[in-house]
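For reference, the chains in residue letters:
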Amino acid sequence: MPERNIEFGKYGARGVRGSDLVARRLDELAGGIATPVTVRRGWTARLHYLTRTDHARAAARDAGLTVTDRTLKAWLEGKRSPSKANLARIDAAYRTVRRQNVARHLLKRLNREGRGTRVEIHPLNQSQVDRPRQRAVEYRTMNVRRWDRIVGSWAVGDYQGLDDVWTTDVLPDLGSQWGAYEYVTNVGFAA
C-alpha cells in the first residue's frame, strides 16, 4: 500500500504502531494481578489463578506452563521457588489465560450492542522533524463499532492479525489521511 509509512521515523518523527497501543489498552482493561511476577506474592497469585480449576490447568498447559503437579505443589507450599525461566512462563501463561477468560466480556463492553466505543487517536510526535518536513496531522476521534476481530486477535496473542485488522478495517474510516495514523503517540478508549 503506498499510503503506509514505509520509512517511518526517517526525519525524526516518534511514535508507536497504533495496533500495539490498542493491545496495551486492552491489557489494561482486562485488569489482573498488579504485583510483579518476580515477587513471591505475584507468582503465587498467578499460580492460584492458573490452578484453581481443571479448565484453568488445561489452559495453562496449552499456554506453555508444562511443569509437573509435584512441582506446582512445592511452589504453592513455599518449599521451592520457580526459576527465572519458569517465572516468565508463569507470567506468559497467566496473561494468555486471563485474555481468554476476559475476551468475551470485554467484547460485549466494547461493542455496546452495536453502538461501539469512542476511540481517541493522538498523532505521532513531530517535534524532532525539521519544519518544512512536518505534516499537518491533528488529533482524531472516531467510533469503532466492530471489535470482534480486534479482540479475537488480541485474545490469542496474534499481534500481526491485530495490526492487519487495525490498519485495514479501522483506520480507513478516518478518510484520506488514514495512513498518517498508522504510527501514533496514544490510542485511548474506555469501555
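### Looking at the side chain of Asp91
Here comes step 1: Mapped onto the fold, Asp91 is located in helix α5 (residues 84-111).
Here comes step 2: Look past the residues within four positions of Asp91 in its chain and what remains in contact with it is Val37 and Arg46.

### Notes on the confidence of the model for the protein chain
Here comes step 1: Per-residue confidence for the protein chain gives a mean pLDDT of 90, with 96% of residues at or over 70.
Here comes step 2: Mean pLDDT values for the elements of the protein chain range from 87 in helix α3 (residues 54-62) up to 96 in helix α6 (residues 148-155).

### Quick look at empty space enclosed by the protein
Here comes step 1: Going through the model one piece at a time under the given rule, you end up with one cavity of 30 Å³ or more.
Here comes step 2: Its boundaries defined by the atoms lining it, the largest cavity holds a volume of some 60 Å³.
Here comes step 3: Together, Leu50, Thr51, Arg57, Ala60, Arg61, Leu65, Val67 and Leu72 line the largest cavity.
Here comes step 4: Sorting the residues of the lining of the largest cavity by element identifies α2 (40-51) and α3 as the ones contributing at least two each.
Here comes step 5: Among the elements that make up the lining of the largest cavity, the one with the highest residue count is α3 (three residues).
Here comes step 6: The class makeup of the residues in the lining of the largest cavity is five nonpolar, one polar and two charged.

### As for the nonpolar core
One recurring pattern in soluble globular proteins: nonpolar side chains tend to sit buried together.
Here comes step 1: If you look at the biggest cluster of nonpolar residues, it comprises 32 residues, and the most contacted ones within it are Val119, Ile121, Ile150, Trp154, Trp166 and Phe189.
Here comes step 2: Broken down by secondary-structure element, the contributors of at least two residues to this core are α1 (18-30), α5, β2 (117-123), β3 (140-144), α6, α7 (159-170) and β4 (183-188).
Here comes step 3: Sorting elements by how many residues they give to this core places α1 first, with six residues.
Here comes step 4: When sequence neighbours within four positions are dropped, the list of residues in contact with Trp166 reads Gly18, Ser19, Val22, Val119, Ile121, Ile150, Leu171 and Val187.
Here comes step 5: By size, the runner-up hydrophobic cluster in this structure holds 16 residues, among which are Trp43, Ala60, Val67 and Val97.

### Considering unusual backbone geometry
Here comes step 1: At Arg112, a position not held by glycine, the phi torsion is positive, near 45°.
Here comes step 2: Note on placement: Arg112 falls in the loop between α5 and β2.
Here comes step 3: Even without being glycine, Glu113 reaches a positive phi, approximately 55°.
Here comes step 4: Its location among the elements puts Glu113 in the loop between α5 and β2.

Parameters at a glance
Residues numbered from 1 in each chain as written. Predicted model: local features only at pLDDT ≥ 70, side-chain atom pairs only at ≥ 80, totals over all residues. Heavy atoms only, no water. Helix = DSSP H or I, 4+ residues; strand = E, 2+ residues; numbered from the N terminus. Contact = heavy atoms within 4.5 Å. pLDDT = per-residue confidence, 0-100. 1 Å grid on protein atoms, 1.4 Å probe; cavity = no way out; pocket = protein on both sides within 12 Å on 5 of 7 lines; lining within 4 Å. Points joined across faces, edges and corners; volume = space filled by probe spheres on them. Nonpolar A, V, L, I, M, F, W, Y, C, P; charged D, E, K, R; others polar. Core = buried A, V, L, I, M, F, W, Y, C linked by side-chain atoms within 4.5 Å. Buried < 20%, exposed > 50% of the residue type's maximum accessible area, 1.4 Å probe, protein only.

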